[in-house]
Amino acid sequence: MDRREFFKQSAFGAAAAGLALSGLGSLQGCRPSSGSDYAPYSMKPARGGEGALRLSFEPYELELRHTFTVSGNSRKSTPGVQVRLDYEGFTGYGEASMPPYLGQSVQSVCSFLERIDLSSFTDPFLMDDILDYIDSLSEGDTAAKAAVDIALHDLVGKMLASPWYRIWGLNPSKAPLTTFTIGIDTPEIVKQKTLECASQFRILKIKVGTPSDWEMIRAIREVTSLPLAVDANQGWKDCRMALDEIFWLKEQGVVMVEQPMGKDRPDENAWITERSPLPIFADEAVQRLRDIPSVKGAYHGINIKLMKCTGMREAWKMLNYARAEGMKVMIGCMTETSCAVSAAAQLSPAVDFADLDGNLLISNDLFSGVTVQDGRLCLGEGSGIGVTPL
Ligand code: MG
């Protein structure tokens, strides 16, 4: 079975189930996509027989349409690991994406996934039990945990024949606009990228945090009047200068600011938040549910990402906790296929801002799922996380 078959097999429904265990075994020695420099990982035939949850996984390198630069680093591809969970004729898909700053790698994700033994779990609806066990295996490994969490949600949603936004009681017609992200670049390239996407989106997200911010924003304003979100990715170093820039950005049609200063400088971020004319969101400063109390008061809102917070279960808890604390919420993503992006999109009707464009930044997507129509997320009717292997 080749990689394409791995992802397509579930499209044949119950017929695939009988093949799953033997088929996965035949994937021993399958290799990651070309150009990657990590060791090949064999597909791990899952433990447990009939009636057990069976987990398998495979590295998959995501190729970017354009070199992507944010404050701190620049890259042309992003490593990922695709995960699959089979149970009695149903298949759930999940994914781990590991941008460099998360400190996780294909090796660490695969090592974590190899430690998982689901053979004692015979009821996928006991999601809390299963995900508590996954979370207990290590302190970190959030992307690897998210991959399993997404696959389990996809599986259970399919068994219930319902998308997760419906299980959560969310109205898909309230799905928000999504931003489309433009990385740091020369004014000419930024202008060109803006022109390429301005007709499809109704809000753009601009990466800032370098001395060229003003030049970039002015270049964008030469070609579009769309509202802008900005993300400094901890790049601003002086809170007074940052606040001055935020006032100027407001005059330029910017509507929100993400992670102005370092995550380890809560007092300065709080100083900015207290005075800012725009809402300030924490991204790098908040990873999981337990981090929310520490950012309350220092930011107006939080950016929830599945790869940071271990997946959909914790993302839903974070959303509700933040709301109870009177905070704003945005949902973001890494560079991911439509698998993880569609999973995140299930929560999107409940957020203030969505930044779910990771699948649009790559040239080798493996799934169809959530789409963007007239700039707005369109969730569709598909069960689980709503994806179909391409
Ligand atoms: Mg961010």
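K.L.:
Just checking my understanding: could you explain the coordination of the magnesium ion for this structure?
P.N.:
Each angle at a metal carrying four tetrahedral donors should ideally be 109.5 degrees, and each at a metal carrying six octahedral donors should ideally be 90 or 180 degrees. At this site the magnesium ion is bound by Asp231 (OD), Glu258 (OE) and Asp283 (OD), with donor distances of 2.0 to 2.2 Å. Here the donor residues for the magnesium ion map to a single chain with the spacing D-x26-E-x24-D. Residue aspartate 231 is found in strand E6 (residues 228-231), and its partner glutamate 258 is found in strand E7 (residues 254-258); the two are separated by 27 residues along the sequence. Comparing aspartate 231 with glutamate 258, the two get one shared label, buried.

K.L.:
Would you take a moment to explain the nonpolar core for this structure?
P.N.:
What tends to happen in soluble globular proteins is that the nonpolar side chains get buried as a cluster. With 115 residues, the main nonpolar core has Val81, Leu113 and Ile206 as its most contacted residues. Among the elements that take part in this core, helix H5 (residues 142-159) stands out by supplying 10 residues, more than any other. Mapped onto the domain boundaries, this core takes at least three residues apiece from domain 1 (3-161) and domain 2 (166-389). If sequence neighbours within four positions are ignored, leucine 113 has contacts with Leu55, Phe57, Val81, Val83, Ala144 and Val148. Counting 6 residues, the second-largest nonpolar core is a separate cluster that includes Ile203, Met256, Met330 and Phe353.

K.L.:
Looking at this structure, how should I read the side chain of threonine 142?
P.N.:
One can find threonine 142 in helix H5. A distance of 2.7 Å separates the side chain of threonine 142 from the backbone oxygen of methionine 307, its partner in a polar contact. Excluding residues within four positions of it along the chain, threonine 142 makes contact with Gln104, Arg288, Leu306, Met307, Lys308 and Thr310.

K.L.:
Looking at this model, I keep getting lost on helix H8 (residues 213-221). Mind explaining?
P.N.:
Spacing of three or four residues puts side chains on the same side of an α-helix, whose turn is 3.6 residues. Among the residues of H8, those classed as buried are Asp213, Met216, Ile217, Ala219 and Ile220. Around the axis of H8, the buried residues are gathered within 160 degrees of arc, so they sit on the same side. The inward-facing, buried residues of H8 contact helix H7 (187-197), strand E5 (204-207), E6 and helix H9 (239-251).

K.L.:
What is the right way to read unusual backbone geometry from this model?
P.N.:
Glycine aside, residues mostly have negative phi angles, and peptide bonds mostly take the trans form. The backbone phi angle of alanine 161 is positive, close to 55 degrees, even though this residue is not glycine. In this fold, alanine 161 is placed in the loop between H5 and helix H6 (164-167). Alanine 161 gets classed as exposed once you look at its relative accessible area, which sits at 57%.

K.L.:
How should I be thinking about helix H4 (residues 127-136) in this particular structure?
P.N.:
Along H4, the positions that sit buried rather than exposed are Met127, Ile130, Leu131 and Ile134. One side of H4 holds all its buried residues, which, seen down the axis, span an arc of 90 degrees. Of the surrounding secondary structure, the elements contacted by the buried residues of H4 are helix H3 (106-115), H5, H6 and helix H13 (312-324).

K.L.:
Is there a simple way to think about the packing of aromatic side chains in this case?
P.N.:
Summed over the entire model, instances satisfying the criterion amount to 7 aromatic pairs. Ring centres of phenylalanine 121 and tyrosine 133 lie 5.5 Å apart, and the angle between their planes is 45 degrees; on these two criteria the pair is classed as tilted. Within this pair, whereas phenylalanine 121 is found in the loop between H3 and H4, its partner tyrosine 133 is found in helix H4, the two being separated by 12 residues in sequence. Look at phenylalanine 121 and you get buried, because its relative accessible area is 15%. Here the aromatic residues Trp164, Trp168 and Trp316 are joined through ring pairs into a cluster of three or more.

Procedures and definitions
Along each chain, numbering runs from 1 in the same order as the chain's sequence is written. Where totals are concerned, whole chains, interfaces and linings use all residues; where local detail is concerned, this predicted model gives features only for residues with pLDDT of at least 70, and gives and counts side-chain atom pairs only at 80 or more. Side-chain numbers here rest on the full set of heavy atoms in the structure, without hydrogens or water. Only nitrogen, oxygen and sulfur atoms count as donors, using a 2.8 Å cut-off from the metal that widens to 3.2 Å for Na, K and Ca. Water is left out, so coordination shells may look unfilled. Segments assigned H or I by DSSP are reported as helices when at least four residues long, segments assigned E as strands when at least two residues long, and all are numbered from the N terminus. Residue exposure (1.4 Å probe, protein chains only): buried if accessible area is under 20% of the type maximum, exposed if over 50%, otherwise partly exposed. We call a set of buried residues a nonpolar core when its members are Ala, Val, Leu, Ile, Met, Phe, Trp, Tyr or Cys and they connect through side-chain atoms within 4.5 Å of each other. Each domain span listed reflects an automatic or database assignment of domains. The contact definition used throughout considers only heavy atoms, calling two residues in contact when any of these lie within 4.5 Å. Pairs of N or O atoms are called polar contacts if they sit within 3.5 Å, as long as, within protein, a hydrogen donor faces a hydrogen acceptor (for residues adjacent in sequence, only side-chain-to-side-chain pairs). Here the arc refers to the directions that run from the helix axis out to each C-beta atom. Only the six-membered ring of Trp is used, alongside the rings of Phe and Tyr, when aromatic pairs are assigned; centres must lie within 6.5 Å, and planes under 30 degrees apart are stacked while those over 60 apart are edge-to-face, with the rest tilted.

In short, shape yes, function no, at least from these values alone.
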